[in-house]
There are 4 protein chains.
Amino acid sequence: MYSHESLIRVRYAETDAMGVVHHSSYIVWFELARTDWLEARGYSYAEFEATGYYLVVTEIGARYLRPARYGHDVIVRATLTEPRSRGLRYDYEVRHGGTQEVLITGFSRHILTDHQGNIRKFPAYMWETLQGPKET
Amino acid sequence: MYSHESLIRVRYAETDAMGVVHHSSYIVWFELARTDWLEARGYSYAEFEATGYYLVVTEIGARYLRPARYGHDVIVRATLTEPRSRGLRYDYEVRHGGTQEVLITGFSRHILTDHQGNIRKFPAYMWETLQGPKET
Amino acid sequence: MYSHESLIRVRYAETDAMGVVHHSSYIVWFELARTDWLEARGYSYAEFEATGYYLVVTEIGARYLRPARYGHDVIVRATLTEPRSRGLRYDYEVRHGGTQEVLITGFSRHILTDHQGNIRKFPAYMWETLQGPKET
Amino acid sequence: MYSHESLIRVRYAETDAMGVVHHSSYIVWFELARTDWLEARGYSYAEFEATGYYLVVTEIGARYLRPARYGHDVIVRATLTEPRSRGLRYDYEVRHGGTQEVLITGFSRHILTDHQGNIRKFPAYMWETLQGPKET
């Protein structure tokens with residue numbers, strides 16, 4: 001319920017001379033996955049920014065278990081693990097699209113700011129969505 | 001006089017699974033080289049943008065003769081070949097820093113706009129610099 | 001028949017401080033589009049490399065008419081315009097996914113090499129595909 | 001003695017639509033900084049790979065305190081904090097080149113492998129360097 005999975009095709013430009021995906025590329029995939037997470041709940045990050053907010057990255061971490069390679073499709077699972085009134089934490093898992101082997105795990109933390117850099121609370125309409133479905 | 005040479009160290013992240021520099025990385029090097037060209041004449045592109053202008057890329061081209069590799073230092077020579085009142089063209093040559101072999105050639109065209117996207121003329125103070133030294 | 005269209009979602013990491021997609025990002029999209037073109041004909045570039053070939057970029061060009069922006073979906077149309085026994089040329093057109101406005105046009109040229117860098121001919125089984133459907 | 005500082009000029013291509021350096025770009029700077037660290041001790045990572053080794057990234061982390069911006073020069077300080085026989089940990093600090101304000105902190109862990117992916121020990125000649133100067 002709090003998770004969303006994005007299918008990502010490895011780009012040649014994302015590989016490096018070791019013949020595998022460069023370790024910085026996964027950080028970009030995390031970003032795609034949390035954007036897709038938001039969209040799956042009806043929010044476009046582009047529109048969110050247009051209304052005056054930025055979701056600023058304050059921390060990231062990643063553990064590299066096995067590399068992804070060109071020719072792979074990968075699945076990036078993003079899970080909202082800490083919804084806060086002024087920020088969020090997402091956890092990520094990158095799996096091989098075929099074998100389902102876990103390749104990379106990671107997380108990111110974010111704070112919400114306005115375009116002047118002041119920390120802000122999520123607008124009420126959005127906050128409900130971020131807290132997830134009501135228990136019944 | 002119209003040229004400037006930038007020394008660039010190949011980054012691992014710029015390589016790809018062929019073991020050489022990815023062809024899109026050179027386009028970023030062209031950008032570094034023309035920024036250095038401007039700085040060598042006393043202009044910071046960052047400050048130029050801050051005064052309300054953008055130098056927008058309208059065309060690029062590149063010919064790939066030999067690849068650069070990780071461990072190489074390369075030299076990127078930028079030459080202003082077409083100073084116009086509302087735009088510029090730069091030509092580029094990427095050479096191996098050791099052997100001086102030419103690896104890549106290219107060019108870029110630019111127009112000057114304000115932050116609303118309207119085409120503008122270079123401010124007079126800058127235009128003189130772009131036209132180069134007076135003949136004597 | 002010789003064309004293929006790829007749908008690409010603009011990544012935040014592909015934008016720059018002008019608020020639009022950085023001009024080097026389109027070069028990466030061209031690569032995605034020609035890879036998809038190959039796949040639509042039953043070839044995986046990853047497998048092609050694994051059999052001992054590289055399709056090396058020898059030239060690129062791009063004209064930037066209007067920028068793509070974050071929040072856009074774009075369509076990149078790749079067309080094989082010059083099938084040669086030892087190389088290829090593709091032409092590209094990047095359109096806004098909604099308005100269908102043309103944003104960027106471009107091309108790339110490639111030669112076929114083995115992993116030692118020697119120029120090679122396309123294997124016969126592949127050459128037929130690249131030449132396209134037989135006229136009847 | 002265990003630290004090295006690299007001066008990095010922010011590239012326009014490293015910025016994003018928030019007007020600051022994209023958070024994935026710092027991960028690439030960490031890589032530059034540890035490469036420079038090695039070179040300051042007489043080792044080229046390119047040559048190291050050529051002798052049959054890879055220094056594989058197994059973990060990274062970064063805390064984003066303040067963003068770097070285009071027009072900044074930044075200093076990235078890399079410190080070897082855990083020399084192990086089969087791996088390393090580096091800590092990083094990114095500072096504004098002018099104000100010396102700390103912008104980003106981070107770390108990376110690495111294991112040493114051969115080109116087949118088997119974990120290896122550092123060759124003796126290198127191990128001494130990595131352990132740093134002898135106490136006297």
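Colleague: Please provide a residue-by-residue account of the overall build of chain A, values included.
Modeller: From N to C terminus, chain A includes three helices and five strands. Written out in order from the N terminus, the α and β elements of chain A read β-α-α-β-β-β-β-α. Computed over C-alpha atoms, the radius of gyration of chain A comes to 16 Å, within 12% of the 14 Å expected from 2.2 N^0.38 for 136 residues, which places it in the range of a compact globule. For chain A, buried positions account for 38% of its 136 residues.

Colleague: Describe the pairing of strand E3 (residues 73-84) of chain D, naming the residues involved and giving the relevant values.
Modeller: Residue and element names in this part refer to chain D. Pairing analysis gives seven bridges linking strand E1 (residues 3-9) to E3, with the strands arranged antiparallel. Counterpart to Arg 9 in the pairing with E3 is Asp 73. Counted between consecutive antiparallel strands, the loop separating E3 from strand E4 (residues 87-96) contains two residues.

Colleague: Please give an account of the relation of the copies chain A and chain D that cites residues and values.
Modeller: Note: a rotation about an axis with an accompanying shift along it relates these two copies of the chain. Expressed as a screw transformation, the operator carrying chain A onto chain D has a rotation angle of 180° and an axial translation of 0.0 Å, and the superposed copies differ by an RMSD of 0.0 Å. Overall, the copies show the geometry of a two-fold rotation axis. Every residue of chain A has its C-alpha some distance from the rotation axis, and the shortest such distance is that of Gly 61 of chain A, at 2.1 Å. Mapped onto chain D, 100% of the interface residues of chain A again fall at the interface, so both copies present the same surface.

Colleague: An account of the sheet that holds E3 of chain D is needed here, citing residue identities and associated values.
Modeller: Strand order in this open sheet of ten strands is E1(A)-E3(A)-E4(A)-E5(A)-E2(A)-E2(D)-E5(D)-E4(D)-E3(D)-E1(D), and the pairing throughout is antiparallel. Where the open sheet ends on each side, the last strands, each with one partner, are strand E1 (3-9) of chain A together with E1 of chain D. Strand-to-strand twist in this sheet, taken as the mean axis angle between neighbours without regard to direction, amounts to 25°. Pairing geometry for strand E2 (residues 53-64) of chain D and strand E5 (residues 102-114) of chain D, over eleven bridges, is antiparallel. Across the sheet, Val 57 of chain D pairs through a bridge with His 110 of chain D, a residue of E5 of chain D.

Colleague: I'd like to hear about the interface of chain A and chain D, residue by residue, with values.
Modeller: Every contact between the two is made by 14 residues of chain A and, on the other side, 14 residues of chain D. At the level of elements, helix H1 (25-40) and strand E2 (53-64) of chain A are the ones that each hand at least two residues to the side of chain A that touches chain D. If one sorts the elements of the side of chain A that touches chain D by residue count, E2 of chain A sits on top with nine residues. Split by residue class, the side of chain A that touches chain D holds eight nonpolar, four polar and two charged.

Colleague: Tell me what's going on with helix H1 (residues 25-40) of chain C, and back it up with residues and numbers.
Modeller: Residue and element names in this part refer to chain C. With 16 residues, H1 extends 23 Å from end C-alpha to end C-alpha; this agrees with the ideal 22 Å at 1.5 Å per step. Most of H1 sits inside the fold, with twelve of its 16 residues counted as buried. Every buried residue belonging to H1 is among Ser 25, Tyr 26, Ile 27, Val 28, Trp 29, Phe 30, Glu 31, Ala 33, Arg 34, Thr 35, Trp 37 and Leu 38, and all of these are buried. Positive backbone phi, approximately 95°, marks Gly 42, located one or two places after H1.

Colleague: Lay out the interface of chain B and chain C with the relevant residues and their values.
Modeller: Facing 14 residues of chain B, the contacting portion of chain C comprises 14 residues. Of all the elements in the fold, those that place two or more residues in the side of chain B that touches chain C are helix H1 (25-40) and strand E2 (53-64) of chain B. In terms of residue class, the side of chain B that touches chain C is made up of eight nonpolar, four polar and two charged. Two elements, E2 of chain B and strand E2 (residues 53-64) of chain C, share five bridges in a ladder whose sense is antiparallel. Bridging across to E2 of chain C, Arg 63 of chain B finds its partner in Glu 59 of chain C.

Colleague: Summarise the sheet that holds E2 of chain B; cite the residues concerned and give the values.
Modeller: Sheet architecture is open: ten strands sit in the order E1(B)-E3(B)-E4(B)-E5(B)-E2(B)-E2(C)-E5(C)-E4(C)-E3(C)-E1(C), paired in antiparallel fashion. Each end of this open sheet is capped by a strand with a single partner; those strands are strand E1 (3-9) of chain B together with strand E1 (3-9) of chain C. Sheet twist, expressed as the average angle between the axes of neighbouring strands with direction ignored, equals 25°. The pairing of strand E3 (residues 73-84) of chain C with strand E4 (residues 87-96) of chain C spans ten bridges and is antiparallel. The partner of Val 76 of chain C across the bridge, within E4 of chain C, is Val 94 of chain C.

Colleague: Talk me through unusual backbone geometry; I want residue IDs and the actual numbers.
Modeller: All names here are of chain A. Notably, Gln 100 is not glycine yet its phi reads approximately 70°, a positive angle. For Gln 100, the location among the structural elements is in the loop between strand E4 (87-96) and strand E5 (102-114). Looking at Gln 100, the number of C-beta atoms within 10 Å reads 8, which means it is exposed.

Colleague: Describe the confidence of the model for chain A, and please don't skip the residues or the numbers.
Modeller: When the pLDDT values of chain A are averaged, the result is 93; 96% of them are 70 or greater. Overall fold confidence for the complex sits at a pTM of 0.96, while the interface term, ipTM, reaches 0.94.

Colleague: A description of the environment of Arg 66 of chain D should follow, citing residues and the corresponding values.
Modeller: All names here are of chain D. Mapping Arg 66 onto the fold places it in the loop between E2 and E3. Under the C-beta neighbour-count criterion, Arg 66 is labelled partly exposed, with 14 such atoms within 10 Å. In this structure, the C-alpha to C-alpha distance between Arg 66 and Leu 103, residues 37 residues apart in sequence, is 4.6 Å. Apart from the residues lying within four places of it in its own chain, the contact partners of Arg 66 are Glu 101 and Leu 103.

Rules of the game
Numbering of residues starts from 1 in every chain and runs along the sequence as written. As a convention, the first chain written is A and the first ligand written is 1, with the rest following in written order. In keeping with the predicted nature of the model, local features appear solely for residues at pLDDT of at least 70, side-chain atom pairs appear and are counted solely at 80 or more, and the whole-chain, interface and lining totals rest on all residues. In this description a helix means any DSSP run of H or I spanning at least four residues, a strand means any run of E spanning at least two, and both kinds are numbered starting from the N terminus. Each radius of gyration is computed over the set of C-alpha atoms, and the globule rule expresses the reference value as 2.2 Å times the number of residues to the power 0.38. Comment: burial labels come from other C-beta atoms within 10 Å of the residue's own C-beta, placed from the backbone, where a count of 20 or more is buried, 12 or fewer is exposed, and between is partly exposed. A pair of strands is treated as paired once DSSP finds two or more bridges between them. Only residues with pLDDT of at least 70 in both copies contribute their C-alpha atoms to the least-squares superposition of the copies. Two residues qualify as being in contact provided that their C-beta atoms, derived from the backbone, are within 7 Å of each other. In this description, a line fitted to the C-alpha atoms serves as the axis of each element, helices being fitted only across the stretch in contact, and the angle between N-to-C directions of two axes falls anywhere from 0 to 180 degrees. In the scheme used here, Gly and all other residues not listed as nonpolar or charged are polar, with Ala, Val, Leu, Ile, Met, Phe, Trp, Tyr, Cys and Pro taken as nonpolar and Asp, Glu, Lys and Arg as charged. Between the first and last residue of a helix there are one fewer steps than residues, each counted as 1.5 Å, and that sum is the expected span. pLDDT: the predictor's confidence for each residue, scored from 0 to 100.

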